[in-house]
Amino acid sequence: MRDPIAERVRDMKPSGIRKFFDIVSEMKDAISLGVGEPDFDTPWHIRDEGIYSLEKGRTFYTSNSGLMELRTEITKFLRRHYNLSYDPAHETLVTVGGSEAIDIGLRTLLEKGDEVIIPEPSYVSYVPCTIMAGGVPVIVELKAENEFRLQREELERAITPKSRVLILPYPNNPTGAIMERKDLEKLTELIIRHDLIVLTDEIYSALSYKEPHVSIASLPGMKERTILINGFSKAFAMTGWRLGYACGPENIITQMTKIHQYCIMCAPTTSQYAAVEALKHGDSDVEEMRNAYNERRRFLMHEFRRMGLSCFEPYGAFYVFPSIREFGMTSDEFATELLKRKKVAVVPGTAFGNCGEGFLRISYAYSIENLKVALGRLEEFITELRSGS
Amino acid sequence: MNEISEIRLRILKAIEHDSRINPAELAIRLGVDETDIVNTISDMEKEGIICGYLTLIDWDKTSEQTVTALIEVKCTPQRGQGFDTIAERIYKYPEVGSVYLISGGFDLMVTMEGKTLKEIASFVTDKLSTQESILSCATHFILRRYKDHGTVFGKKYGDERMQITP
């Protein structure tokens, strides 16, 4: 029998976190700081609305683009928080998580051989989705000294005549970096001059601890060349509901909707009803969770400083990205040893791109009590390393 | 009502759920100086904003027998004093845990703890009902406490998330 697997799938690298997942799941008393989702449950009033929709028998498909009521609330939410103005009827598409929006966005935009500029370290799916869509990933290796913010010069160096799309993953998983207004403003002239489309993944937009998050789509001349991706997973602690959305120019959203219609039909109906409630009455929940994450963030940064572990101060998402270069180990070695010796699971920075070498992603989607125990073990570990044992 | 500053609010929210929180740690978490935390707490104690520090106890897990009752009290307000005098007469009993003035079908909600049903019954019949301005009492016994002060009693769910996710 010939090999039934298509080459582009066979060549796809398995996710870098798989190995750790396997070791951790074998361990009984391991503490994980490796989770990329909120530790909060979805607020009860939101869950209740989902349950109510089931009780009412709302178990049908919705329109391909999503419930009109939900799209309307999405556009109100974007206006309220990010000063963005989208038409719910033609510029908004409800998707199965932000992940689907990334996939169909790229599939809609790319011709074979088009280049997609991807800043790394960043979320694991941009590169594979680009390749699956026939595009060519062009990696920009972000620098810790720039707090992992994309610099104008870095972008300029990556641009070629084949450049088509820029992925902008901020607030960033895994680094926790943000792009402030001033950082974004430095990029727009370049983006417009080279006629790039921006795919901005703002799934962590609600978790920004400095100035309120600024979307590049709100800057002059950008809305018409931006696909904005956001969703409910991080802001409302709704990961398992698998619900996100894309907003953008009508011509792009219409074409994305075609792919969505044939592959997915529509996002889960129960989740959509729950999401309407989240947007209508969930702002204070988001604020409460943001405050809790921020307290943990400050606590972690303080502990790292105390331990002498080098880390730039991240202002977004729920990750810190400390450097472990002083120990002369690779990220993978460090994470593996830490797990074996102290039973603390973290994710090596390299899971998010080669330039994550020398860093660890530590999630603070855990209670302070949990973080204390884990940090205690981490401190023991680095003390042992420093004393050469 | 004084407009409460952000820092006061954040401290109150933190100690409302954990009165034993260490001021040094709270200072780190809120991004302020430890002395600010200590001083603000002390100010709020003096101003009567912070009225006390309690411990939440699940007595059911001890060998101590306790019964808690909610008592709905209807009474006649007194001229010039409304319900204040009668409330005071009630809350002076040490076995009374709390007294609230309530809108709706009755006037005062009284909670009390006793060792036995009998102890509570005799308090209601001897001490409460006999008060001149009290018209009637309806006593409800608490059978089980599911949640109190934002804390769920009994069943706790662990972290069921996958341990590593991208």
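Residues numbered from 1 in each chain as written. Chains lettered and ligands numbered in written order. Predicted model: local features only at pLDDT ≥ 70, side-chain atom pairs only at ≥ 80, totals over all residues. Heavy atoms only, no water.

On to the overall build of chain A, then. Within chain A, the secondary structure is distributed over 13 helices and 12 strands. For the C-alpha atoms alone, the extent of chain A along its principal axes is close to 65 × 55 × 55 Å. Across the 389 residues of chain A, 58% fall into the buried class. Of the roughly 16,000 Å² that chain A leaves accessible, carbon and sulfur atoms contribute 50%. (Helix = DSSP H or I, 4+ residues; strand = E, 2+ residues; numbered from the N terminus. Buried < 20%, exposed > 50% of the residue type's maximum accessible area, 1.4 Å probe, protein only. Areas by Shrake-Rupley, 256 points an atom, 1.4 Å probe, with all protein chains shown as cover.)

Residues and elements named next belong to chain A. Ordered in space as β2-β8-β7-β6-β5-β3-β4, the 7 strands form an open sheet in which the pairing is mixed. Two strands close off the open sheet at either side, each with one partner strand: β2 (92-95) and β4 (136-141). Across the sheet, the mean angle from the axis of one strand to that of its neighbour is 20 degrees, orientation sign disregarded. In this structure, strand β5 (residues 163-168) lies alongside strand β6 (residues 197-201), joined through 4 bridges in parallel fashion. From the neighbouring strand, Leu 168 faces β6, where its bridge partner is Thr 200. Each of β2, β7 (226-231) and β8 (244-247) touches helix α4 (residues 68-82); the most contacted strand, β2, lies at about 110 degrees to it. Along the sheet face, helix α5 (residues 97-109) touches β2, β3 (115-120), β5, β6, β7 and β8 and points at about 165 degrees away from the line of β7. (Pairing = 2+ DSSP bridges. Axes fitted to C-alpha atoms, helices over the stretch in contact; angles between N-to-C directions. Contact = heavy atoms within 4.5 Å.)

Time to look at the domain arrangement of chain A. All names here are of chain A. Domain parsing of chain A yields domain 1 (7-42 + 284-386) and domain 2 (46-281). If you average the C-alpha positions of domain 1 and of domain 2, the two centres end up 25 Å apart. Contact with domain 1, which involves 34 residues of that partner, is made by 37 residues of domain 2. Summing both sides of the interface, domain 1 and domain 2 together bury roughly 3,100 Å²; the carbon and sulfur share of this comes to 65%. When the buried surface of domain 1 facing domain 2 is broken down by residue, Thr 42, Tyr 315 and Phe 352 rank first, second and third, together holding 25% of it. Scanning the region where domain 1 abuts domain 2 turns up 0 salt bridges. In this assembly, domain 1 and domain 2 are joined by 14 residue pairs in polar contact (both at pLDDT 80 or more). (Domains from an automatic or database assignment. Buried area = accessible area lost by both parts, 1.4 Å probe. Salt bridge = Lys/Arg side-chain N within 4 Å of Asp/Glu carboxyl O. Polar contact = N/O pair within 3.5 Å; in protein donor to acceptor, adjacent residues only side chain to side chain.)

Before going further, it helps to spend a moment on empty space enclosed by the protein. Residues and elements named next belong to chain A. One pass over the full model with this rule turns up 3 cavities of 30 Å³ or more. Leu 168, Tyr 170, Met 179, Leu 184, Thr 200, Glu 202, His 213, Val 214, Ser 215 and Ile 216 together form the lining of the largest cavity. The residue inventory of the lining of the largest cavity, partitioned by class, reads 6 nonpolar, 3 polar and 1 charged. (1 Å grid on protein atoms, 1.4 Å probe; cavity = no way out; pocket = protein on both sides within 12 Å on 5 of 7 lines; lining within 4 Å. Points joined across faces, edges and corners; volume = space filled by probe spheres on them. Nonpolar A, V, L, I, M, F, W, Y, C, P; charged D, E, K, R; others polar.)

The subject of this paragraph is the packing of helix α12 (residues 331-342) of chain A against helix α13 (residues 368-386) of chain A. All names here are of chain A. At a closest axis distance of 10 Å, the pairing of α12 and α13 adopts a crossing angle of 115 degrees. When the axis of α12 is compared with that of α13, the two are roughly perpendicular. The handedness of the crossing between α12 and α13 comes out as right-handed. Residues Phe 334, Glu 337, Leu 338, Arg 341 and Lys 342 of α12 lie in contact with α13, whose contacting residues are Arg 377, Leu 378, Glu 380, Phe 381, Ile 382, Glu 384 and Leu 385. Class assignment for the residues of the contact of α12 with α13 results in 6 nonpolar, no polar and 6 charged. (Parallel < 35°, antiparallel > 145°, perpendicular 65-115°, else oblique. Left-handed = near helix turned anticlockwise from the far one by under 90°.)

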